[in-house]
Amino acid sequence: MTEEKTMKQISPELKLLDLTLKNASAIQSSAMGEFTTAGSQEILLVRPGGALEVYKIESSDNDNANDDEDDEEEESRTWLKMVMRVETRSVIRSMEIVRFREESRDLVIIGSDSGNVSVMDLEGGQAKILHCPAFGKTGAYDYTCTTLHILCYAMP
């Protein structure tokens, strides 16, 4: 009893804080689709540590300041702009993209190490989980991969 009281007196405000000091730079998986808005091609990246990142391809055309020569071409610049980042705090094993009939955007199906298969909607830069059944860890990897392939390739 005295040990419990002393611990409470020593650290009454002790909280668990989980921060990543530096984000992973490797790419585990990637896919192209229309995730946040219809009509814009975006790139979805899965990073180690369970982070999902959506990038939009942007470009601009800049006219050269020197108009002395007519042969100079316009200078164009293309870059990736991060639209959103989602920390899942899980180990992502597989990812598939699916688009239902008469939909203008894509959905993301993610299989994790814990045996969950999550269907996510990334509309408007907000991640919303539409469906997340748990299958358990025993044989989850084989079952999850099989389920993802059936869901993605057997759709009419």
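In case you missed it, the structure is sitting above this.
In what follows, the accompanying structure is described. Keep in mind the model is a prediction, meaning the values are calculated, not measured.

**Regarding the packing of aromatic side chains**
Here is step 1 of the chain: The final tally for this structure, using the stated rule, is zero aromatic pairs.
Here is step 2 of the chain: Across from the ring centre of W79, 4.7 Å away, lies the NZ or CZ of R77, which sits over that ring.

**Some thoughts on a nonpolar patch on the surface**
Here is step 1 of the chain: Taken together, M32, I57 and L80 make up a surface patch of nonpolar side chains, about 290 Å² in accessible area.
Here is step 2 of the chain: Mapped onto the secondary structure, I57 falls in strand β3 (residues 51–62).

**Focus: the nonpolar core**
One broad trend across soluble globular proteins is that nonpolar side chains are buried collectively.
Here is step 1 of the chain: Ranked by internal contacts, the top residues of the largest apolar core, which has 14 residues, are L44, L52, V108 and L122.
Here is step 2 of the chain: Taken together, the elements giving at least two residues each to this core come down to β2 (42–47), β3, β4 (75–87), β5 (92–98) and β6 (107–112).
Here is step 3 of the chain: Those residues in contact with V108, other than ones at most four positions away along the chain, are F35, L44, M95, E96, I97, S118, V119, M120 and L122.
Here is step 4 of the chain: With five residues, the next largest nonpolar core counts L107, I109, V117 and V119 among its residues.

**Description of the environment of G115**
Here is step 1 of the chain: As for its placement among the helices and strands, G115 is situated in the loop between β6 and β7 (117–121).
Here is step 2 of the chain: Separated by 17 residues in sequence, G115 and C132 have C-alpha atoms that sit 10.0 Å apart.

**Some words on the pattern of salt bridges**
Here is step 1 of the chain: Taken as a whole, this structure holds nine salt bridges when the rule is applied.
Here is step 2 of the chain: The shortest N-O distance in the salt bridge between D113 and R93 comes to 3.4 Å. Within this pair, whereas D113 is found in the loop between β6 and β7, its partner R93 is found in strand β5, the two being separated by 20 residues in sequence.
Here is step 3 of the chain: Residue classification places R93 among the partly exposed residues on the basis of a relative accessible area of 43%.
Here is step 4 of the chain: Between R105 and E123 there is a salt bridge, with its nearest N and O atoms 3.4 Å apart. One end of the pair, R105, is in the loop between β5 and β6; the other, E123, is in the loop between β7 and β8 (128–131), and 18 residues separate them in sequence.
Here is step 5 of the chain: What emerges from the salt-bridge pattern is a single network uniting R47, E53, R85, E87 and R89.

**Digging into the side chain of D121**
Here is step 1 of the chain: Assignment of secondary structure puts D121 in strand β7.
Here is step 2 of the chain: You can call D121 buried: its relative accessible area is 7%.
Here is step 3 of the chain: From its side chain, D121 meets the backbone nitrogen of E123 in a polar contact 3.4 Å long.
Here is step 4 of the chain: Sequence-distant contacts of D121, that is, excluding residues within four places in its chain, are made with R105, L107, Q126, A127, K128 and L130.

The rules we used
Residues numbered from 1 in each chain as written. Predicted model: local features only at pLDDT ≥ 70, side-chain atom pairs only at ≥ 80, totals over all residues. Heavy atoms only, no water. Phe/Tyr/Trp six-rings, centres within 6.5 Å; stacked < 30°, edge-to-face > 60°. Lys NZ or Arg CZ within 6 Å of the ring centre and 35° of its normal. Patch = residues over 30% accessible without salt bridge, like charges linked within 9 Å, V, L, I, M, F, W, Y side chains within 5 Å. Areas by Shrake-Rupley, 256 points an atom, 1.4 Å probe, with all protein chains shown as cover. Salt bridge = Lys/Arg side-chain N within 4 Å of Asp/Glu carboxyl O. Helix = DSSP H or I, 4+ residues; strand = E, 2+ residues; numbered from the N terminus. Core = buried A, V, L, I, M, F, W, Y, C linked by side-chain atoms within 4.5 Å. Buried < 20%, exposed > 50% of the residue type's maximum accessible area, 1.4 Å probe, protein only. Contact = heavy atoms within 4.5 Å. Polar contact = N/O pair within 3.5 Å; in protein donor to acceptor, adjacent residues only side chain to side chain.

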